[in-house]
Amino acid sequence: MTKIKAVLFDMDGVLIDAKDWHYEALNKALNLFGMEISRYDHLMTFDGLPTKVKLQILSKRFFLPESLHPFINEVKQSYTAEMVHQRCHPMFHHEYALSKLHRQGYKIAVCSNSTRKTIELMMEKAELLPYIDMMVSNEDVVKSKPDPEMYTTTINKFGLKPWECIVVEDNPNGIQAGKASGASVLEVATVYDVTYDNIMKSIGEYEND
């Protein structure tokens, strides 16, 4: 029987309801140059991708000068940090889930296309840091999601096999990455679906499959 030993969480849309924060922050930065990403394009193309990839797409589509990428990225990260300080707060069902998983001996990781600084800040504000064994950001890999590198890197650092891990994801890019890593994937629609009961149900189904 397969035994799950680690739970690997995406962050935005899974542990933090921050999808709109990234969208708003990037548009505030782009507005400085008279540009904006529509809500439709955000949902269909950009959602879940690292800022640097979003800017590469914008350069190809709308001829945004690549020389502006570092400045826009820096300004976007600053706006994101402001929003995290204003809006990020603990959610009891997440604290309960991660604390209980941690006490039961599961390894816990956060694997996000965000920067390490953003992950650390969000986890601190959400009061989840005490339960997290590893954080892997877009700065720790060569290829971000939908490539599986982020998850395979985490699994390898834990010294585990893919079938000993379950990935919790909400985004098509992340779901693709999780499945490609060989891990089991729990797909959720919102942060409110990320509960201890749902996670344990998924673990139980996978272990007994």
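Preceding this paragraph is the structure being described.
What you see is a predicted model, and the numbers here were worked out from it, not measured in a lab. (Residues numbered from 1 in each chain as written. Predicted model: local features only at pLDDT ≥ 70, side-chain atom pairs only at ≥ 80, totals over all residues. Heavy atoms only, no water.)

A. Up close: the pattern of salt bridges. Overall, the coordinates contain 8 salt bridges when judged by the stated rule. The closest approach of N and O atoms between K145 and D10, which form a salt bridge, is 3.0 Å. Here the residue K145 occupies a position in the loop between β3 (134-136) and α7 (149-158), and D10 occupies one in the loop between β1 (6-9) and α1 (19-31), the gap between them amounting to 135 residues. Two residues, D20 and R39, come together in a salt bridge whose shortest N-O distance is 2.8 Å. With D20 in helix α1 and R39 in helix α2 (residues 39-46), this residue pair connects regions lying 19 residues apart in the sequence. Its relative accessible area of 32% is what places D20 among the partly exposed residues. Among the residues examined, R39 registers a relative accessible area of 38% and is labelled partly exposed. Among the charged side chains, a network of salt bridges with common partners joins D10, K145 and E169. (Salt bridge = Lys/Arg side-chain N within 4 Å of Asp/Glu carboxyl O. Helix = DSSP H or I, 4+ residues; strand = E, 2+ residues; numbered from the N terminus. Buried < 20%, exposed > 50% of the residue type's maximum accessible area, 1.4 Å probe, protein only.)

B. Looking closely at the sheet that holds strand β5 (residues 184-187). Strand order in this open sheet of 5 strands is β3-β2-β1-β4-β5, and the pairing throughout is parallel. Where the open sheet ends on each side, the last strands, each with one partner, are β3 and β5. Recorded for the sheet is a direction-independent mean angle of 20° between the axes of neighbouring strands. Inspection of the sheet shows β1 paired to strand β2 (residues 107-111) by 4 bridges, in the parallel sense. Across the sheet, residue A6 finds its bridge partner in β2, namely K107. (Pairing = 2+ DSSP bridges. Axes fitted to C-alpha atoms, helices over the stretch in contact; angles between N-to-C directions.)

C. Geometry of the nonpolar core. Counting 48 residues, the largest nonpolar core has F9, L15, I16 and M123 as its most contacted members. Tallying contributions element by element places α1 first for this core, with 6 residues. Not counting residues up to four positions away in its chain, the partners in contact with F9 are V14, L15, L98, L101, I108, A109, V110, C111, Y151, V168, V194 and I199. Judged by nonpolar contacts, the second largest core, of 18 residues, contains L8, V136, F158 and A177. (Core = buried A, V, L, I, M, F, W, Y, C linked by side-chain atoms within 4.5 Å. Contact = heavy atoms within 4.5 Å.)

D. A look at the environment of D41. Mapped onto the elements, D41 comes out in helix α2. Here D41 is in contact with F46 and R61, once residues within four sequence places are set aside.

E. Region of the structure containing the packing of helix α5 (residues 92-103) against helix α9 (residues 196-207). Two elements in contact, α5 and α9, have axes separated by 8 Å at closest approach and are oriented at 45°. When the axes of α5 and α9 are compared, the pair comes out oblique. For the pair α5 and α9, contact is made by Y96, A97, K100 and L101 and by Y196, I199 and M200, respectively. For the contact of α5 with α9, the class distribution of residues is 6 nonpolar, no polar and 1 charged. (Parallel < 35°, antiparallel > 145°, perpendicular 65-115°, else oblique. Nonpolar A, V, L, I, M, F, W, Y, C, P; charged D, E, K, R; others polar.)

F. Broad picture of unusual backbone geometry. A cis geometry characterises the amide bond from K145 onward to P146, with omega recorded as 20°. If you trace the backbone, P146 turns up in the loop between β3 and α7. Phi angles above zero are rare outside glycine, and F63 is one such case at about 60°. Mapped onto the secondary structure, F63 falls in the loop between α3 (51-62) and α4 (69-87). On the basis of relative accessibility, which here comes to 69%, the residue F63 falls in the exposed class. We note that E127 has phi near 60°; this positive angle belongs to a residue other than glycine. On the secondary structure map, E127 appears in the loop between α6 (116-125) and β3. For E127, a relative accessible area of 45% corresponds to the partly exposed category.

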